[in-house]
Amino acid sequence: MRSLFVAIRMTLVLTVLTGIIYPLAIAGAARLLFPWQSAGSLVMRGGRVAGSELIGQNFSAARYFHGRPSAAGDKGYDATSSSGSNLGPTNKVLIDTVRRRLRAVLETDPGSSPSRVPIDLVTASGSGLDPEISPAAAEMQVARVASARGLRQDVVERLVRENTRGRWLGVIGEPGVNVLMLNLALDDLAARN
Amino acid sequence: MLWNAIFQVGIFFALVTLLSVPVGLYMSRVFSGQKTFLDPVLCPIERAIYRLCGIRPATEMAWSEYAIAMLLFSAAGMLLLYGMERLQGVLPFNPQGLAGIAPDLAFNTAASFTTNTNWQAYAGETTVSYLTQMAGLAFHNFVSAAAGIAVAVAVIRGFVRRSARTIGNFWFDLVRATLWVLLPLCIVFALVLVWQGVPQNFDPYVHARTLEGAEQIIPQGPIASQEIIKELGTNGGGFFNANSAHPYENPTPLTNLIEMIAIFVISAGLTHTFGAMAGDRRQGWALFAAMTLLFVAGAGVSIWAEQRGNPQFSAMGLNQHATASQSGGNMEGKEVRFGIVDTALFATVTTDASCGAVNGMHDSFTPLGGFVPLLNMQIGEIIFGGVGSGLYGMLVMAVLAVFVAGLMVGRTPEYLGKKIEAREMKLAMFYVLIFPAVILLGAMAAVCVKAGLAGISNPGPHGFSQIFYAYTSAAANNGSALAGLSANSVFYNYTLAFAMLFGRFMMKIPALALAGSLGAKKSIPPSAGTFPTNGAVFVALLVGVILIVAALTFFPADALGPIVEHLALYSGKLY
Amino acid sequence: MSDRKSSSLFDRQIVVGAIGDSLRKFDPRVQVRNPVMFVVEITALAVTVILVRNLIAGTREMAGFELQIALWLWFTVAFANFAEAMAEGRGKAQADNLRRTRTETQACVIRDGQEQRVPATSLRKGDVVMVRAGEVIPGDGEVIEGVAAVNEAAITGESAPVIRESGGDRSAVTGGTTVISDWIKVRISANPGETFLDRMIALVEGAERQKTPNEIALSILLSGLTIIFLLVCVSLFPFARYSGTLLSLPVLVALLVCLIPTTIGGLLSAIGIAGMDRLVRHNVLAMSGRAVEAAGDVDTLLLDKTGTITLGDRMASEFIPMPGVAIEELADAAQLASLADETPEGRSIVVLAKRQFNLRGRDLSQAQATFVPFSAQTRMSGVDLPGRIIRKGAGDQVAEFVRQNGGAIPPELDPAVERIARAGGTPLVVADQARVLGVIYLKDVIKDGIRERFARLHAMGLRTVMITGDNPLTAAAIARESGVNDFVAQATPETKLKIIREEQSQGKLVAMIGDGTNDAPALAQADVGIAMNAGTQAAREAGNMIDLDSNPTKIMEVVEIGKQLLITRGALTTFSIANDVAKYFAIIPAMFVVGYPELQALNIMHLATPQSAILSAVIFNALIIIALIPLALRGVQYRPLGAAAILSRNLLIYGVGGVIVPFIGIKIIDVLVTAAHLA
């Protein structure tokens, strides 16, 4: 019986310590040290939030680089319902979906062959909010974006390079291009001109 | 690309190895009550907690008292969480105004977090208030891990003590595991995560207008503080539905590396704690080596299978070979920043340990790539394993291995000088038996009733894998899922909750009883006739016994799940 | 009793008896003692019932297959029964040998001062019987009066009679032995049916076998595995149904029986009985199976120096003359002084002189020689010849004798005496009247091969401790020479008890061998106490084993038998579990051939048809029990290597071998089954 009271008191004490004090303390320190990151790495345009650098968005216009297929929400990139497709490797739906995406990619960016389409452009990401595409996937879209915006390809390529993140220390992870930041850079370029 | 994979795995594991030694030795000091550098800060807090709770930390407990204290504490925490979930609608820290959670889901979630499983039948961003996240869920992330460490330490004491009646004080171990081990590591690494982009705030969800003019609602919250304990405590319950695949939980390759290290470091360290407390560091290294072998094999197969990709994609003309500018492989359900290697590695790590955090969707893995996580769990979460549970699970396997093969040296088998006799075998077998019993009976029920079959989202053998994986994950207290399974139903919520509770407590209790039984024994000094449990032969034996026990138990079911799916995939069959 | 040691493994008579016994063992009340085989029997029954039901219902397309499965399941049980019956049969043969010593005898019991003739079986503990020359001693007991020569050939196989007398260390007699001369009064020490022999008979026959601690622990493991595999097979039915395959009970049962550890389950009790049997073949009787198991676990061996490490008697090994004395003269005088000395030391002096200097023993009856025997007062012995008085004895006494005869002690004497003592020997000074001739080096002779035996024991991880009443100097020298780990000098009977307690307090198991009454407490305290049959009744009752040969080195064999028993169990357990891998590869693809033809990729043995695959696995599973009976009965060969080396070796043979062998075996059986059109 005594143990039961000890257990209850211990539960309450540790709840306060680890459940209240700890996260509040981290939040306080985070706001002090890394105010932008702790608030969600939000990107502002025209006085309002245009998105988060870390959260991908839907892009379908020809003048924008397109992100990966997304299974988050009905239309994709719904940040309130992050999710992968969870389609199994032998599921007909998966294979049909990938086939359809491949066709779509080849229609959007003609002049390419299936073997040159990077796999990340036809597969849904794990979170449905993947902010990045592979450099190869960006490379594929340069011609389309350049022509849609009337820019020289090398200008677009430079922006792609500027928004490409390499492997950490050259080893860890995979390189990626942040689609939102790249598209923002394109819009900023357009606004400056 | 092969070299990149080897470098990535190598760097990760080298860091784990390097960190595990000081962490392990530090823990052996912490739990022996020796001086540590954090004492000046933590001792006053510790004393205050003991005073508040009315605890005499120096009073040692017999194994049964220890078990009762652990059970009462878990029960109290589970009830508190259940209440908080049901009432979150009227409690503070709920800027989204989320309603109370349904009874079956609340029960499942309470069981899930109490048992360190963190199976999530809900999507965090649309179901759980900030208060429930941090005071309910994150609290359990701490204390279920701390309770695991406590039990492991108590079990170690049982193995190394001689003619002892007691195995330590649960409250002492619990408080020390929280204050000295989990909190300091969490504070440091949480801030590193924030630096890399993991949010930590109490803001309402952000409404953004996207470049194409749509509205995007971006959830916020105290993510970093919860993210790190989710890994360090091998809990795995994500703030968001997509778990560590979500860019807010795991924004960069560096955070991914940190999170993987966090999953392994305490469990790996505990092997050294064991060695140090046993007075023979090599005993700890032997367990470490056995775990390493199993880890490397799993990581190798998983990375290879995922990089090889889906033959159906190749049939469409897609090229899945990796190049410098894209990762290739089976990218369905994976994030670009992690690619194939870091996702397959994470999947191996998270299921080696009973973490269950995922940075890619296991449901979309290739059959072989997804078989590795399943097998890791079937082995019993002892490849480093859950914090605490991995070590005592491995020790039970060591007892079993020593018993079967130890006879072959012509002596009554002994481990650390303790004879393994009928009582120990009874407890070890109970421990070994309860695990497949829960999994097989649970999965059996699910394939027999409509409510179970209704959850399947992928037809064919993969559907069976989804069910089988769910009960394996629950019993193993892992928490990862083949997430297509619609598990938020009354049937799954209750059956999986009981699978988790049995998988946790029905295994912890025999482990403690085993410790009590061994602790009461005399220790026989080793001689040339004693089978040395700190050398290569033992490591090989241990790995063999672990693989054979797991393989023999689960092979038929595996054959109907991932194995046949793999064969079907390569013979061009779809479902 | 050479026949006890040489019966072949498959004696015809034993085999025939065992076949009969194995049929009797189908009784479920017997089987239930062995959970693994009990499950097999139940499933065999279930398949048989289904077979009959199907035949009646007229569904015959699978009847041939089901019939064969059922038959082989019954065979599996039968083979396990046969293994146990074989072990018991061999034990019974041993027991009959033992029992032969117990022919119906009449006893002459003394009650109320009157002698009465009663059947030996009616004797009770405490009865006093009179046994005269030519009579058989009616039961185990202790001589309380009289001295007699007893022929113990019936139990030891040694035909030379031994002396049994009241008091002292030679007072115990065993029932069934025969008094050849004189008479003795014996107090009976055990009720009929409770003698050592009776208990041993019960043990080797397997009649009263209780499971030993290790057997119990192993049974728990095997039962646990059986439950796991039951769950596996039960859950497989709905899993298969989900996968589009409806499994039939015979097929599921086949899988179950192949998976549960039938090999070790079927052979476990045979291994235990055979272990006891091997002990009896070494002429050692054990009180319980537990004692044999404990022997394998022994950490420390306490050994008496005399009789175990050294021959009981000291032998002359060297003559050391004093200055001015020719060595031949010394040898000659020593030999003369010893010619009438019938002690082993005396004889050894004669022999040494003869060997070294070709001095032959002379007949001194004409030389007016008077022999002076050793007496406790003079502590010298010797011979008086005309003109010569030769004496040999301890240094002090002989020096005194020389001084009395007016001689002087050469200064070289003391160092010579000292050197011999330091080397572990006994110096014997020889003098002729006033002249000290020199010293005879009487050496404690280490038994042949004892060094090797110790090396063997040490390799097994045992620590050996020599107990001796000698002074530390001598003890150290002998310890060095024999290679024993440790020694305790100037030991008293209490010392042994103290050492045993000390070792046990460190958690070690101690074995010792003893014979005297004052050994009894130590024998009782030791984990393995082997009493010599020639010892006292007290000692025999205190120990948990009796060595009928009274051979002190027997303890080493006992330890090896204990170890061999445990190794055999472990090896067959490992083998049994490792076998399952191949069986899966045979059965799983066959089970799901309809629902998932892709699984044929797992049919790596390329077994012909699903039926033949399942049948072959079941047949292999049954036959392997028969194939391993010789191993179970003989035991795995034991080699005294370090534990790690033994383990690697056995893991390779029984672990890795256990994985590989069934792949080959099942394939061969499949080829035969297919060729015979059985499936």
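No experiment lies behind these values; they were computed from the predicted model shown.

Here is what the cut-offs are and how they apply
Residues numbered from 1 in each chain as written. Chains lettered and ligands numbered in written order. Predicted model: local features only at pLDDT ≥ 70, side-chain atom pairs only at ≥ 80, totals over all residues. Heavy atoms only, no water. 1 Å grid on protein atoms, 1.4 Å probe; cavity = no way out; pocket = protein on both sides within 12 Å on 5 of 7 lines; lining within 4 Å. Points joined across faces, edges and corners; volume = space filled by probe spheres on them. Helix = DSSP H or I, 4+ residues; strand = E, 2+ residues; numbered from the N terminus. Nonpolar A, V, L, I, M, F, W, Y, C, P; charged D, E, K, R; others polar. Contact = heavy atoms within 4.5 Å. Pairing = 2+ DSSP bridges. Axes fitted to C-alpha atoms, helices over the stretch in contact; angles between N-to-C directions. Buried area = accessible area lost by both parts, 1.4 Å probe. Salt bridge = Lys/Arg side-chain N within 4 Å of Asp/Glu carboxyl O. Polar contact = N/O pair within 3.5 Å; in protein donor to acceptor, adjacent residues only side chain to side chain. Patch = residues over 30% accessible without salt bridge, like charges linked within 9 Å, V, L, I, M, F, W, Y side chains within 5 Å. Areas by Shrake-Rupley, 256 points an atom, 1.4 Å probe, with all protein chains shown as cover. Buried < 20%, exposed > 50% of the residue type's maximum accessible area, 1.4 Å probe, protein only. Expected span 1.5 Å × (residues − 1). Phe/Tyr/Trp six-rings, centres within 6.5 Å; stacked < 30°, edge-to-face > 60°.

Let us look at empty space enclosed by the protein. Residues and elements named next belong to chain B. The tally for this structure, following the rule as stated, stands at eleven cavities of 30 Å³ or more. Each pocket or cavity is described by its volume, and for the largest cavity that value is around 160 Å³. As for the largest cavity, its lining consists of 16 residues, and the residues nearest its centre are Gln378, Ile379, Met397, Val432 and Phe435. Of all the secondary structure elements, the ones that give two or more residues to the lining of the largest cavity are helix 14 (389–406), helix 15 (422–448) and helix 19 (536–570). In this structure, the second largest cavity occupies an estimated 120 Å³ of space. Ser389, Tyr431, Ala476, Asn477 and Gly503 are the residues nearest the centre of the second largest cavity, which is lined by 13 residues in total. Mapped by element, the contributors of at least two residues to the lining of the second largest cavity are helix 14, helix 15 and helix 18 (490–519). Sort the elements by how many residues they give to the lining of the second largest cavity and helix 18 lands first, with three residues. Tallied by class, residues from the lining of the second largest cavity come to six nonpolar, five polar and two charged.

What follows covers the arrangement of the chains. Sorting the two pairs of chains in contact by contact count puts chains A and B at the top. There is a clear gap between chain A and chain C: no contact, and 14 Å between their nearest C-alpha atoms.

All names here are of chain A. An order of 3-5-4 is seen for the three strands of this open sheet, with the pairing classed as antiparallel. The sheet is open, and its two edges are formed by strand 3 (132–133) and strand 4 (164–165), each paired on a single side. In this structure, strand 4 lies alongside strand 5 (residues 176–178), joined through two bridges in antiparallel fashion. Among the inter-strand pairings, Thr164 is bridged to a residue of strand 5, identified as Val177. Helix-sheet contacts for helix 6 (residues 179–192) involve strand 3 and strand 5, and the interaxial angle to strand 5 is about 50°.

Taken together, the contact pairs 109 residues of chain B with 102 residues of chain A. Here chain B meets chain A over a buried area of about 8,600 Å², counting both sides, of which 66% is carbon and sulfur. Summed over the shared surface of chain B and chain A, the result is three salt bridges. The tally of links from chain B across to chain A stands at 41 residue pairs in polar contact (both at pLDDT 80 or more). Sorting elements by how many residues they give to the side of chain B that touches chain A places helix 7 (residues 170–196) of chain B first, with twelve residues.

All right, on to a nonpolar patch on the surface then. All names here are of chain C. Taken together, the side chains of Leu652, Ile653, Val656, Ile660, Ile664, Ile668 and Leu672 present a nonpolar region at the surface, about 650 Å² in accessible area. Relative to the elements of secondary structure, Leu652 occurs in helix 23 (residues 643–675). Look at Leu652 and you get exposed, because its relative accessible area is 58%.

The next subject is the pairing of strand 19 (residues 510–514) of chain C. All names here are of chain C. Counting buried residues in strand 19 gives five out of five residues, a clear majority hidden from the surface. Residues of strand 19 alternate between two faces, with Val510, Met512 and Gly514 on one and Ala511 and Ile513 on the opposite face, all of them buried. Bridge count between strand 10 (residues 300–304) and strand 19: three bridges; the pairing is parallel. Residue pairing for strand 19: Thr300 is matched across the bridge by Val510.

Quick look at the side chain of Glu249(B) now. Residue and element names in this part refer to chain B. Relative to the helices and strands, Glu249 is located in the loop between helix 8 (223–232) and helix 9 (253–278). Of note is the side chain of Glu249, whose polar atom sits 2.4 Å from the side chain of Lys230. Aside from chain neighbours lying at most four places away, what touches Glu249 is Val198, Ile223, Glu227, Lys230, Gly238, Phe239, Phe240, Asn243, Ser244 and Glu259.

Moving on to helix 3 (residues 63–87) of chain B. Over its 25 residues, helix 3 of chain B runs 36 Å from end to end, which matches the ideal 36 Å to within 8%, given 1.5 Å per residue. Every buried residue of helix 3 of chain B is listed here: Tyr66(B), Ala67(B), Ala69(B), Met70(B), Phe73(B), Ser74(B), Ala76(B), Gly77(B), Met78(B), Leu81(B), Met84(B) and Glu85(B). Buried residues in helix 3 of chain B make contact with helix 1 (2–33) of chain A together with helix 4 (103–114), helix 6 (130–160), helix 7 and helix 18 of chain B.

What follows concerns the sheet that holds strand 10 of chain C. Residue and element names in this part refer to chain C. With mixed pairing, the seven strands of this open sheet are ordered in space as 9-21-20-19-10-17-18. Because the sheet does not close on itself, it has two edges, and the strands there are strand 9 (284–286) and strand 18 (486–488). Looking at each pair of strands side by side, their axes are set apart by 20° on average, direction ignored. Here four bridges tie strand 19 to strand 20 (residues 528–532), and the two strands are oriented parallel to one another. Across the sheet, Gly514 pairs through a bridge with Ala531, a residue of strand 20.

In this assembly, 63 residues from chain C lie in contact with 61 residues from chain B. Overall, the association of chain C and chain B removes approximately 5,100 Å² of surface from exposure, summing both partners, and the carbon and sulfur fraction of that is 77%. The interface formed by chain C and chain B includes three salt bridges. Glu598(C) is the salt-bridge partner of Lys573(B), the closest N and O atoms lying 2.7 Å from each other.

As a further point, take unusual backbone geometry. All names here are of chain B. Phi is positive for Ser163, close to 45°, though the residue is something other than glycine. Within the secondary structure, Ser163 is located in the loop between helix 6 and helix 7. Look at Ser163 and you get exposed, because its relative accessible area is 51%. The phi torsion at Asn477 lies on the positive side, around 55°, for a residue other than glycine. Counting through the fold element by element, Asn477 comes out in the loop between helix 17 (461–475) and helix 18.

A few words on the packing of aromatic side chains. According to the stated counting rule, one finds 43 aromatic pairs over all chains in the structure shown. Their ring planes at 85° and their centres at 5.9 Å tell us that Phe159(B) and Tyr415(B) sit as a pair that is edge-to-face. Remark: Tyr415(B) occurs in strand 3 (residues 414–415) and Phe159(B) occurs in helix 6; sequence separation between them is 256 residues. Each member of the pair, Phe159(B) as well as Tyr415(B), is classed as buried. Between the aromatic rings of Phe468(B) and Phe239(C), the centroid separation amounts to 6.2 Å while the plane-to-plane angle is 65°, which identifies the pairing as edge-to-face.

Keep in mind these numbers describe shape, not what the thing actually does.
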